[in-house]
Amino acid sequence: MVKKNILKYLPSLTKRLSLPSHSRTRTPFYSLPSLLLSSFQVHWSTSHCSQHLTQEQPHTSEKDRPRRNNLSQQESERKATHGVAMESFMKGIRGDAPCVLDMDPTHTVGGGVEDFYGEDHATEDQLVTPWTISVASGHTLLRDKRHNKGLAFTETERDTHYLRGLLPPAISSQELQERKIMKNLRSYEVPLQRYQALMDLQERNERLFYKILINNVEELLPVVYTPTVGEACQKYGSIFRRPQGLYISLKEKGKILEVLRNWPERSIQVIVVTDGERILGLGDLGCQGMGIPVGKLSLYTALGGVRPSACLPITLDVGTNNETLLNDEFYIGLKQKRARGQEYADFLQEFMTAVKQSYGEKVLIQFEDFANHNAFELLAKYGTTHLVFNDDIQGTASVVLAGLLAALKVVGGTLADHTFLFLGAGEAGTGIAELIALEISRQTKAPLEETRKKLWLVDSKGLVVSSRNESLQHFKKPWAHEHEPLKTLLEAVQAIKPTVLIGTSGVGQTFTQEVVEAMASFNEKPLILALSNPTSQAECTAEQAYTWSKGKAIFASGSPFDSFEYDGKKFVPGQANNAYIFPGFGLGVIMCGAIRVHDDMLLAASEALAKQVSEENYANGLIYPPFTNIRKISANIAASVAAKAYELGLASRRPRPDDLVKYAESCMYTPVYRNYR
Ligand SMILES: NC(=O)C1=CN([C@@H]2O[C@H](COP(=O)(O)OP(=O)(O)OC[C@H]3O[C@@H](n4cnc5c(N)ncnc54)[C@H](OP(=O)(O)O)[C@@H]3O)[C@@H](O)[C@H]2O)C=CC1
Ligand SMILES: CC(=O)C(=O)O
Ligand SMILES: [Mg+2]
């Protein structure tokens, strides 16, 4: 069917590609799909064409560049270019177009997973074509976030791409642009202004956005991610300027496949999807949860090196039960109560089927910030049919386990020697508990049912115990141990005497002074993790943990805290956030062509992260490495995850690269500007 359609429209497409280059650019950017082909066909073809071009076309010298006044030369280049392009196009139709993952990985220069556009496949000194649907130039090029370079366009590029007069005469380097943006960002007092400025930059000049984010990760993570992204979601309706990501609402029921086809990119490798019901610890933010998939995917690119064009943020708008939003005139979502039961299940089923139909078997679907009454079920249901990963359950578990493995070097003993108490028995709490129990079981060979007994959970009704079994949600039942009922966290701390206290309640200030003092009274080095986000929901602050424990606590939190001096000693709190795991984990899954996620891959990720903590980090009281080295860390995580996938027979990319760390690094997208022919 697809082949038939492409062949039917082939003459028009050929004609389109042969238009004089300047007039080509005058056609609105998105007009071609609607006029000629579905966006699938167009993107699919251009991506394959350009990839083929960069491999087989000998790279051009000065004389090959299009010149406005040298029509015959321009004509012959166009013929050569489009001849190769159309040949590749036809190859693609026949299904034998070359696939980047089948190539020798050494060809890639700062490549990016599946370099369909061929941009990074060229060496640094080779010229690449700024493909959109046609060759972008003039105003279109400046408005195309993927290829825009602002004042960094060179004199030659300004000539060849019809930019004269559209830019002021000064030419800036990318480094100078970075300095300017950072200066401006630092001048804003309000974090939300920084967030907005960064989102505007992402929409205007993608490479500059990622360069800045990568080079200033510790400073900017709290802006594009927790805590500021939480405030942005709360105010999304008011600050909304340009839509980011794909909104799929109940209005599109029955047409989800068509909606997916409206997205301008075809080679999608990672989707982060939310239905907005549990946004951080802020509750139901409905459609305004979009800030979360957008933010998470920025980190996929900045921290994990997955190319931006391969990332698709999606919000499923199934209504909201948030009365404030329902009564807000600026609310951007459906003004109706949430769909539940069969209606919800059918909508999700249609979505999951459409995703597979559009992007194939190997697209990674990351569920993010769903409420727990849907999250566990979706993971179980689609875990056997799709490549799915729940970041709140699995990513969080992996990052916490990594922190614990690292902390053992400081507190001593093995995991099995410790006792764990959680405040919060939802996705994060039970997800973490299960992975710890699995790791202890693996280390000690004890049955999982036994190892679970080292872990205790408290929910809003008190300690999870067997006498409550009847009324417990299914994911809490494995943690309902024999014990007398206890109402409060303090009582539970005093009775269980945990060595590790983990907050996953979404409620701020619940690790009270009494709780922290109790932890410090029977532990030499109590491990206290306040994981709830954003900062306002943290179970306690770094200052409180260090002060109340009299400097004994090893502390990490979901949202960042500044270092704190207590009794003449500087304490540096770590950030226990799944952002350490999911970018590298996702890269690993994609680069080996994994078809399913397995718990052992999560354990492999934890071990890889724990190994990255240096002696210097330990000396500073850290159990996580700093984010400054995150791309190196992600490459190591990706390599371990991929190695495990190969071992389990879940990886489809053959042959297996010998050096997986090097391969992961070579797959990473780099945001330096490319030179345009
Ligand atoms: N740092 C990180 O990387 C991550 C942090 N998080 C954070 O963890 C928090 C929880 O997320 P998640 O597990 O998905 O949420 P869930 O809604 O699934 O779970 C919340 C749990 O907390 C319990 N709870 C709520 N209020 C209280 C209270 N006052 N006292 C005791 N228990 C309480 C709930 O009890 P009940 O079941 O009785 O309602 C429930 O068991 C969020 O703030 C989120 O931002 C999540 C993922 C990753
Ligand atoms: C970090 C994260 O995923 C959360 O707070 O939900
Ligand atoms: Mg989350």
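In this report, we go over the structure that sits alongside the text.

Cut-off values and rules
Here the residue numbering is sequential within each chain, running from 1 through the sequence in written order. Written order determines the labels here, with chains lettered from A and ligands numbered from 1. Given that the model is predicted, a residue must reach a pLDDT of at least 70 before its local features are reported, and side-chain atom pairs must reach 80 or more before they are shown or counted; all residues, however, enter totals for whole chains, interfaces and linings. Remark: hydrogens and water are excluded; side-chain values derive from all non-hydrogen atoms of the structure. A run of H or I in DSSP counts as a helix once it spans at least four residues, and a run of E counts as a strand once it spans at least two, with each numbered from the N terminus. Metal coordination here is assigned from N, O and S atoms located within 2.8 Å of the ion, or within 3.2 Å for Na, K and Ca; omission of water means that sites may look incomplete. Only protein chains enter the accessibility calculation, which uses a 1.4 Å probe. A residue is then buried if its area is under 20% of the maximum for its type, exposed if over 50%, and partly exposed in between. Here a pair means two rings of Phe, Tyr or Trp (six-membered ring of Trp) with centres within 6.5 Å. Their orientation is stacked below 30 degrees between planes, edge-to-face above 60, and tilted elsewhere. By the criterion adopted, a ring carries a charge over it if an Arg CZ or a Lys NZ lies within 6 Å of its centre and within 35 degrees of its normal. Near residues are defined by distance, with any heavy atom within 4 Å of the molecule or strand qualifying the residue. Counted as a polar contact is a pair of N or O atoms within 3.5 Å, where, for protein atoms, one must be capable of donating a hydrogen and the other of accepting one, and residues adjacent in sequence contribute only when both atoms are in side chains. Reported accessibility uses the Shrake-Rupley method at a 1.4 Å probe radius. Residues are deemed covered only where the shown protein chains occlude them. Side-chain classes follow a simple rule in which Ala, Val, Leu, Ile, Met, Phe, Trp, Tyr, Cys and Pro form the nonpolar group, Asp, Glu, Lys and Arg form the charged group, and the remainder, Gly included, forms the polar group.

## Side note on unusual backbone geometry
Part 1 of the reasoning: For the peptide bond that leads from T226 to P227, omega is 10°, which places it in the cis range.
Part 2 of the reasoning: Inspection of the secondary structure assignment puts P227 in the loop between helix 11 (217-224) and helix 12 (228-234).
Part 3 of the reasoning: Look at the link from R654 to P655: it is a cis peptide, with omega at -5°.
Part 4 of the reasoning: With respect to the secondary-structure elements, P655 resides in the loop between helix 28 (630-647) and helix 29 (660-667).
Part 5 of the reasoning: Phi angles above zero are rare outside glycine, and K497 is one such case at about 50°.
Part 6 of the reasoning: Of note, K497 is situated in the loop between helix 22 (489-496) and strand 9 (500-503).
Part 7 of the reasoning: The phi angle at Q509 is positive, at roughly 60°, despite the residue not being glycine.
Part 8 of the reasoning: Following the sequence through the fold, Q509 ends up in the loop between strand 9 and helix 23 (513-522).

## Some thoughts on the coordination of the magnesium ion (ligand 3)
Part 1 of the reasoning: Note on the magnesium ion (ligand 3): its protein donors are E368 (OE), D369 (OD) and D392 (OD). The metal-donor distances range over 2.1 Å.
Part 2 of the reasoning: Of note, the magnesium ion (ligand 3) draws all its donor residues from one chain, in the sequence arrangement E-D-x22-D. One end of the pair, E368, is in the loop between strand 4 (364-367) and helix 18 (372-382); the other, D392, is in helix 19 (residues 391-411), with 24 residues separating them in the sequence.
Part 3 of the reasoning: For E368, a relative accessible area of 1% translates into the label buried.

## Notes on the packing of aromatic side chains
Part 1 of the reasoning: For the structure shown, the criterion picks out 12 aromatic pairs.
Part 2 of the reasoning: Their ring planes at 45° and their centres at 6.2 Å tell us that F153 and Y676 sit as a pair that is tilted. Pair noted here: F153 is in the loop between helix 6 (138-142) and helix 7 (155-160) and Y676 is in the segment after helix 29, with a separation of 523 residues, a long-range link.
Part 3 of the reasoning: Looking at Y676, the relative accessible area reads 7%, which means it is buried.
Part 4 of the reasoning: Measuring from ring centre to ring centre gives 5.5 Å for F367 and F370, while their planes differ by 85°; the resulting arrangement is edge-to-face.
Part 5 of the reasoning: Look at F370 and you get buried, because its relative accessible area is 1%.
Part 6 of the reasoning: By way of ring pairs, the aromatic residues Y546, F555, F561 and F571 are connected into one cluster.
Part 7 of the reasoning: Between the NZ or CZ atom of R452 and the centre of the ring of W479, over which it lies, the distance is 5.7 Å.

## So, the site of ligand 2
Part 1 of the reasoning: Surrounding ligand 2, one finds Y225, R278, L280, K296, E368, D369, D391, D392, N533, N577 and N578.
Part 2 of the reasoning: Within the side chain of N533, one N or O atom sits 2.8 Å away from an oxygen atom of ligand 2.
Part 3 of the reasoning: A distance of 3.0 Å is found between an oxygen atom of ligand 2 and a side-chain nitrogen or oxygen belonging to N578.
Part 4 of the reasoning: If ligand 2 stood free it would expose 220 Å²; the protein chains cover 91% of that surface.
Part 5 of the reasoning: Considered class by class, the residues forming the shell around ligand 2 number two nonpolar, three polar and six charged.

What is shown is where atoms sit, not what they do.
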